[in-house]
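# Coordinate analysis (summary)
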Amino acid sequence: MQARRKPGTASFFRYALLSLLAMVMIAPIGWIAISSLRPPEEIFLHSPQLSWRTFVPEKIIWSNYEMLLASDFPQAVLNTAFVAFVTVVLGILICSAAGFAFAVFDFPFKNALFVVVIITFIMPFESIVVPLYIMVRGLNWNDTYFALIMPEVASGFIIFLFRQFFVKVSRELFEAARVDGASWWRIYWDVALPLSWPTVVAGALMMFIHQWDAFFWPLVAATSQDLTMVQVAIARYQQFEQADFGRLFAAMTVASLLAILPFMALQRYYIRTIIDSGFK
Amino acid sequence: MGKLTALRRFGGWLVLGAAATFMLSVVPASAGTKLDIVWMGWAEEMVKPLMDWFEQENPDIKLNYQRIPYNELLSSLEVRLGARTPEPDIYSADASLTASYAARGHLMDLTPHFKDDLARFDEAALQAASYRGKVFAGPFATSTQLMYVNVDLFKAAGVELPGTGIEDRWTWEQVLGAAKKIAKPQENIWGILLEQSDRPYQLLPLMQSRGAKVVSDDGLVSTGYIDGDKFVEATQFYGDLFGVHKVSPPGLFDLNLVQEVFHTGRAAMMVGGTWNLDRLNAGASFKWIAVPHPYFEGGTPVTSTGSWQIGINPRSKNPEAALKFMRFFMRDDVQVKWFNLRPYPPVLKANWSNLSDRLTGQPWKIAKYELQNTAVPRPPIPGFREYEEILKLAFRDIQQGAPVKERLTRAAREIDRELAKYK
Amino acid sequence: MPIEPWACDMKINPAYYFLAPAVVGLTVFKLIPISVAIVGSFYGTSLMGESVFRGIDNYRSILSDPDLLSSLGITLLFNLIANPLQVVLSLAVALLVFRPGPLIGLFRSVLFLPVTLSLVLTALIWNLLFDPFLGPVNAILEAVGIGRQGFFKDETQALGSMVWLATWRGVGYWMLFMLAGLYAIPESLHEAARIDGASWWQRFCHVTLPLMRRPIAFVLVAATAINMLFFAPVYIITAGGPNGATDFVMFRIYQTAFNYIDLGRALAMSTIMLLVVLIVALVELRLLRSED
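### Focus on the interface of chain C and chain A
- On the chain A side, the residues contacting the 78 residues of chain C number 81 residues.
- Here the side of chain C that touches chain A takes 16 residues from helix α2 (residues 14-40) of chain C, the largest share from any one element.
- Of the residues contributing to the side of chain C that touches chain A, the split by class is 60 nonpolar, ten polar and eight charged.

What follows is the structure in structure tokens.
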């Protein structure tokens, strides 16, 4: 499918606008990345007065990154990747199924149940953390991957997401499949999900980012060193009384660049699925 | 379509794989005693050597320690202690919160275990670890404040330097005079910085030096104290540094950023902790000296103190092991090693001589004098947390121009409302 | 076709099978703790940790507290600005990167980059960048002649700076869902409109926008849920200041629970907040309801 637009002014404006936006998005992280290469005494030396030194370090050091590699940071990245991966896989299955039910079926108390789903994601986490901690401890899950993964698998946000997006898939399609004798399970797995790849991608990235950002809950529920999550590892470079901005910035830079990988890998599934799958 | 179907099939395998890994990832229960420890978020290289040493001496006890960054330490402790579980067995207790934790039953009474040790500790540190005559925590570090001076900025402005001797201690009025001559706010050059510019830890000594009493004796009333005349006068002086005289940058609350302003040579003076010595000794781009903490003319010199302590959860299922840990960390040689990892002023009297080769030079001489003569711990009241937080917000607003008396009166009202629960 | 018994046996509504795992998860990890929290809002805690029944005292004292009402006003004002802004910008950005073209994949990734920093780290970065005394943004503003700004330290700019911070990170995030929505619009509809001679704007208004109602509703409600509970940057940067300019309700809840050690009161505030957000979310859903 070719966009039939002339590659003229419209295209120029599109790229001009995009470049401007890209600058705004990248500059802060760029500043962090550059600062992570500076020796500690130089980080804030040139920032308050504009000169070319504000952007170009006098001296480049790599020691912050070497220290990062030698610390528990790589372990924290792996932990988080594992936790996020399992959460995403289980979460997408469970939540898309629930979203499918909301979108396709009628059942008693449907609207009331949907309000309950909304309630689950608007209660401040800080208000439920104590009972949640007591419960997770009661299950003997504190200090295990279970504590990090299980509470996040069923997500009201993602159920809501799928409810919104599944409804758009034409009901005629489902009914046609039913006439053909397909079970609802089949329709969900072979029709609804494949028609919703972009939604699956968006939901997966949302869950991934949620776990990648996890901070307060891991501090409370997963205390052992082996279970350190990445945001906790980063925050530990914020030293009260004696700052070490270089190490902190290096950790932030690496974490940011790693977290973009799932997006880069998944963004090619942002495609027009309606045509793609041959239904019309 | 083909690719997508393949991906979905692959997805099925992923689910199985993930589920399998998940099952295997359950940590098996380990034998022997395990102590669950919440530790202040000092860098790993400052913490691990001590923990390793303990495990070496006590092979039957495993330590599961978690370093938590300062910003989240208190709140995550609230969650875990609030749940009233046996864990954590041991935690880093902020010295100002001994009374708060003790009053709420979160600290084990150590008095019977510390009998012979009490004389070994620095007075102010021991006082901070006590509540209603009982010792509830093991002092592990203390702190004091010095005034750091950028000699280059003084010379460039032709201002006479303060002396480094105790007897040369400047008054706040002298500090302001010098600061006014040096500060050039338009050029981002400042006269005087307060390292923790919004925290009662650093600011209460100003009021106390002026002769103010900061809370009632029973620790339940702040009205009439923090909005009393002397407190208001001292706070007015503090507020004017930012708004009227413009010798200090308003709104700079992050202590790490305050340090950056000083260490990049943009301020003539900074009142701050001894931890700044490390960075200055490692190489400053300007000539510097450290001098005693200022006081108000006609008042008495007062300095802040207190830092970190070790507390035991009274609900711990392993009190024996926890006490072993406590005794280990209160040993002279362990605290000497701790000093070498992170040089907080010692809390054990003996360590001033044990560490005499390290604690040399005028700055440490001043620090020792302050700790023994002018240090006043934060008020040992159970509601200090509430008191501190509310007063902090008031100091922030005053820095940014809020009317002093009015703002402090409001803070007093809010504090008293929170303190009521300790009646 | 193999017979799958539960699908054919219509005695039990198949919806329940699809809902069951999620309902279990939500009940255990969300609804039970939420119920505990709501019950807790009628209690206070004694010093030694025993619960003391307070009835509606927590609510009475909160609702008669003018400070809390002003916090609620600030929170709602923030949402009134930030939510529509984020919806419009994320849709605009999604439209920019929707059609393929050279380097579009790269641009998408760059737009997503801020999302890779947690809100805590986003706050940390912008606090440094906007710092009046050390930050590079003020260095640039000074150099181009605009002059230094207070940003988070200025009573009149602090809330706006928070909107900026939230939006900087929010645009790339919501773009994910706007893109998913755009890809679900059949190309044939666009083709038909184009053959009818509709301009880009007409096609946007008559084809794209009506079909984007559900994605937009999702983004609006989700952004509301997140921005009503906006907290970390306030805690890290302003602590509600200067002079109360960023005194969000969530900051108050956090302070009350963890610093003022009055959990019951904090839970009562949360419960009130829960009702407020729920009402706003349901109104938004109703307004954006599509006909299908």
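The discussion continues.
### Here's the deal with the packing of helix α3 (residues 73-104) of chain A against helix α6 (residues 145-153) of chain A
All names here are of chain A.
- Running from N to C, α3 and α6 cross one another at 30°; their axes reach a closest spacing of 9 Å. Of the possible angle classes, the one that applies to α3 and α6 is roughly parallel. Crossing handedness for the pair α3 and α6: right-handed. From α3, Val83, Val86, Thr87, Leu90, Gly91 and Ile94 reach across to α6, where they touch Tyr145, Leu148, Ile149, Glu152 and Val153.
- Among the residues forming the contact of α3 with α6, the class breakdown is eight nonpolar, two polar and one charged.

### Concerning the sheet that holds strand β1 (residues 33-40) of chain B
Residue and element names in this part refer to chain B.
- Spatially, five strands are ordered β2-β1-β3-β11-β6 in an open sheet, and the strand pairing comes out mixed. Looking at which strands have only one partner, the edges of the open sheet turn out to be β2 (61-68) and β6 (138-139).
- Looking at chain direction, β6 and strand β11 (residues 308-312) are connected through two bridges and run antiparallel. What sits directly across from proline 139, in β11, is glutamine 309.
- Sheet strands in contact with helix α2 (residues 44-57) are β1 and β2, and its direction is about 165° off that of β2.

### Side note on the sheet that holds strand β8 (residues 190-194) of chain B
Residues and elements named next belong to chain B.
- Reading across the sheet, the four strands line up as β8-β9-β7-β10 and stay open at both edges, with mixed pairing between neighbours. Two strands close off the open sheet at either side, each with one partner strand: β8 and β10 (288-291). Direction aside, the axes of adjacent strands within the sheet are offset by 20° on average.
- Sheet topology places strand β7 (residues 145-150) next to strand β9 (residues 267-273); five bridges connect them, and they run antiparallel.

### Details of the interface of chain B and chain A
- Chain B puts 37 residues into the contact, and the matching count from chain A is 36 residues.
- Within the residue set of the side of chain B that touches chain A, elements represented by two or more residues are α1 (2-24), β2, α3 (70-82) and α11 (255-263) of chain B.
- Considered class by class, the residues forming the side of chain B that touches chain A number 15 nonpolar, 14 polar and eight charged.

### Brief notes about helix α4 (residues 110-122) of chain A
- Between its first and last C-alpha atoms α4(A) spans 19 Å; for 13 residues at 1.5 Å apiece the expected length is 18 Å, and the two agree.
- Where α4(A) is concerned, the buried positions are A:Val117, A:Thr120, A:Phe121 and A:Ile122.
- The secondary structure elements touched by the buried residues of α4(A) are α7 (156-166) of chain A together with α2, α11 (213-228) and α14 (263-287) of chain C.

### Section: the pairing of strand β3 (residues 90-94) of chain B
Residues and elements named next belong to chain B.
- Taken across its five residues, β3 has five buried, putting it largely inside the fold.
- Burial of β3 is two-sided: the residues Ile90, Ser92 and Asp94 facing one way and the residues Tyr91 and Ala93 facing the other way are all buried.
- Across two bridges, β1 lies against β3 in parallel orientation. Note that in β3 the partner of valine 38 across the bridge is tyrosine 91.

### Structural notes on the nonpolar core
- In this structure, A:Ala251 and B:Met269 are the most contacted members of the largest nonpolar core, which totals 314 residues.
- Here this core gets 20 residues from one element, more than from any other, and that element is α3(A).
- Not counting residues up to four positions away in its chain, the partners in contact with A:Ala251 are A:Leu68, A:Phe73, A:Ala233, A:Ile234 and A:Tyr237.

### Things to note about the packing of α4(A) against α14(C)
- Put simply, α4(A) and α14(C) touch, their axes get as near as 10 Å, and they point 130° apart. In terms of axis orientation, α4(A) runs oblique to α14(C). In the crossing of α4(A) with α14(C), the sense of the turn from one axis to the other is right-handed. Here A:Ile118, A:Ile119 and A:Ile122 of α4(A) come into contact with α14(C), specifically with C:Leu274, C:Val277, C:Leu278 and C:Ala281.
- By residue class, the composition of the contact of α4(A) with α14(C) is seven nonpolar, no polar and no charged.

### Examining the environment of C:Phe251
Residue and element names in this part refer to chain C.
- Along the chain, phenylalanine 251 falls in helix α13 (residues 249-259).
- Judged by C-beta crowding, with 22 C-beta atoms within 10 Å, phenylalanine 251 ranks as buried.
- The spatial distance from the C-alpha of phenylalanine 251 to the C-alpha of isoleucine 38 is 19 Å, given a sequence separation of 213 residues.
- Those residues in contact with phenylalanine 251 that lie beyond four places of it in its chain are Phe231, Val234, Tyr235 and Gly240.

Thresholds, definitions, all that
- Numbers given for residues are sequential positions, taken from 1 along each chain in its written order.
- Naming scheme: in the order in which they are written, chains are lettered from A and ligands are numbered from 1.
- For a predicted model such as this one, the threshold for reporting local features is a pLDDT of at least 70, and the threshold for listing and counting side-chain atom pairs is 80 or more; totals across whole chains, interfaces and linings nevertheless cover every residue.
- We call two residues in contact whenever the C-beta atoms placed from their backbones are within 7 Å.
- Only DSSP runs of H or I covering at least 4 residues are called helices, and only runs of E covering at least 2 are called strands; the numbering of each starts at the N terminus.
- Any residue outside Ala, Val, Leu, Ile, Met, Phe, Trp, Tyr, Cys, Pro, Asp, Glu, Lys and Arg is labelled polar, Gly included; the first ten of those are nonpolar and the last four are charged.
- Lines fitted to C-alpha atoms define the axes here, with helix axes fitted over just the stretch in contact, and angles between the N-to-C directions of these axes take values from 0 to 180 degrees.
- Any angle between 65 and 115 degrees counts as roughly perpendicular, while under 35 counts as roughly parallel, over 145 as roughly antiparallel, and the rest as oblique.
- In this scheme the handedness of a crossing depends on how the near helix is turned from the far one: anticlockwise by less than a right angle means left-handed, clockwise means right-handed.
- For two strands to count as paired, DSSP must find a minimum of two bridges between them.
- Given a helix with a known number of residues, its expected span is that number minus one, times 1.5 Å.
- Partly exposed residues are those whose C-beta has more than 12 but fewer than 20 other C-beta atoms within 10 Å; with 20 or more the residue is buried, with 12 or fewer it is exposed, and the C-beta atoms are placed from the backbone.
- A set of buried Ala, Val, Leu, Ile, Met, Phe, Trp, Tyr and Cys residues, joined through C-beta atoms within 7 Å, is what we mean by a nonpolar core.

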